Amino acid sequence: MPEVTYMQTYANLNPLESVTFPESVQETDSVDMQPYASAKARVVPFFSSNRTPRTRRTRASHHADRNAVVTLPHVAGTRSLSDFDRDVYCLHGIPIDAAEMDDVLRHVHAVANRKQRCFLSTPNLNFLMGCQRDVAFRNSLINSDLNIVDGLPLAWMARRLGIPVKRRVTGSGMFEALMAGSAQSARRLSVYFFGGREGAAEAACRNLNAGESGLTGCGAHYPGFGTVQELSDQATIDRINASNADFLVVALGARKGQDWIEHNRRRLTVPVISHLG
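Residues numbered from 1 in each chain as written. Predicted model: local features only at pLDDT ≥ 70, side-chain atom pairs only at ≥ 80, totals over all residues. Heavy atoms only, no water.

S.K.: Please give an account of the overall build of the protein chain that cites residues and values.
M.R.: Secondary structure assignment for the protein chain yields 11 helices and eight strands. Within the protein chain, the proportion of its 277 residues that are buried is 56%. Sequence-distant contacts, at least 24 apart, represent 72% of the contacts inside the protein chain between residues at least 6 apart. When the accessible area of the protein chain is evaluated, it comes to approximately 12700 Å², of which 50% is carbon and sulfur surface. (Helix = DSSP H or I, 4+ residues; strand = E, 2+ residues; numbered from the N terminus. Buried < 20%, exposed > 50% of the residue type's maximum accessible area, 1.4 Å probe, protein only. Contact = heavy atoms within 4.5 Å. Areas by Shrake-Rupley, 256 points an atom, 1.4 Å probe, with all protein chains shown as cover.)

See the structure below:
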């Protein structure tokens, strides 16, 4: 099946219609889970590099170990909520947040309204496998402010290992929920689309503004092809910042998109940034 990105889907979507993303687009259900279901597997609290890792003994120890669970290395000046407020765990080397959809929506609205920065990542099985070989890719998750469990296999693994992830929270589902509006926000959040196929970002922005929803498009840009550095020129960053967007949606492919965000997040003034394509 050809890859279908979220931005391509939004570019073809009537914002007044409900869209359901099939499981086959999100994840495959045919993943061999046996290597991850070993009784010898251990869940450890996520820890910074200068700490000694501790093995999580039981689910009942969650509250006693809470301070250790949420100690994350972070980029100075970009923290959107205290690490001690995060219910974050280490799953095979990557941090994941045990967050429900309502928690994520409240947080996105809160940081957008306060103009605080939030790098929101959506790890799935491809992220997990890629992070085993790519240090920079893994660091992008370590440096994220919120890692929602997008992948169904990750949710299965988390539950098997005793991590309290009740269900996955997909990036597409989060965006749809934001489109549907929220009682927590008195205003519509503005979105800037960056990347995707030629014309997709502009079409997504137009379609978002074609009807009433909880989001409004405030700009779009197709940067073409190039390296992360070539797609990070000052004119591009200035254009994004000048939009005064609340939410920057990046669609450059998972690794490149995460790398682009890491490379430019200190230069960007948009509160919420996420790769969703």
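On we go from here.
S.K.: Give a detailed account of unusual backbone geometry, specifying residues and quantitative values.
M.R.: If a residue is not glycine, its phi is most likely negative; likewise, a peptide bond is most likely trans. Of note in this structure, His92 is not a glycine but carries a positive phi near 50°. A positive phi angle, near 60°, is found at Lys115, a position not held by glycine. Considering the arrangement of structural elements, one finds Lys115 in the loop between α4 (101-114) and β3 (118-121).

S.K.: Tell me about the packing of α4 against helix α8 (residues 171-180), and name the residues and values.
M.R.: To characterise two packed helices, one gives the angle between the axes of the helices and the distance between these axes. Direction vectors running N to C along α4 and α8 enclose 60°, while the axes themselves pass 10 Å from each other. You can see that α4 and α8 cross each other, and the crossing is right-handed. Packed against α4, whose contacting residues are Met101, Val104, Leu105, Val108 and His109, the element α8 presents Gly173, Met174, Ala177 and Leu178 at the interface. Of the residues assigned to the contact of α4 with α8, the class counts are seven nonpolar, two polar and no charged. (Axes fitted to C-alpha atoms, helices over the stretch in contact; angles between N-to-C directions. Left-handed = near helix turned anticlockwise from the far one by under 90°. Nonpolar A, V, L, I, M, F, W, Y, C, P; charged D, E, K, R; others polar.)

S.K.: I'd love a proper account of the pairing of strand β2 (residues 94-97), names of residues and values included.
M.R.: With burial as the criterion, each face of β2 is covered, one bearing Ile94 and Ile96 and the other bearing Pro95 and Asp97. As paired elements, strand β1 (residues 88-91) and β2 share four bridges and run antiparallel to each other. Bridging from a neighbouring strand, Cys90 pairs with Pro95 of β2. (Pairing = 2+ DSSP bridges.)

S.K.: Talk me through helix α6 (residues 135-142); I want residue IDs and the actual numbers.
M.R.: The complete set of buried residues in α6 reads Phe137, Ser140, Leu141 and Ile142. On its buried face, α6 is in contact with β2, β3, α5 (125-131), β4 (146-147) and α11 (254-264). Measuring from the backbone nitrogen of Ala136 back to the side-chain oxygen at the start of α6 gives 3.1 Å, which picks out Asp134 as the cap. (Polar contact = N/O pair within 3.5 Å; in protein donor to acceptor, adjacent residues only side chain to side chain.)

S.K.: Describe the sheet that holds β4, naming the residues involved and giving the relevant values.
M.R.: One open sheet holds the six strands; their spatial order is β4-β3-β8-β7-β5-β6, and the pairing between them is parallel. Looking along the sheet, the strands with just one partner apiece sit at the ends: β4 and β6 (215-221). Lying on the sheet, α4 is in contact with β3, β4, β5 (189-195), β7 (247-251) and β8 (272-275); it crosses β3 at an angle near 155°.

S.K.: Which residues make up the environment of Pro223, and what are the values?
M.R.: Among the structural elements, Pro223 can be located in the loop between β6 and α10 (234-242). Here the alpha-carbon distance between Pro223 and Thr236, two residues 13 residues apart in the chain, equals 8.2 Å. The residues contacting Pro223, other than those within four sequence positions of it, are Phe194, Gly195, Leu231 and Leu252.

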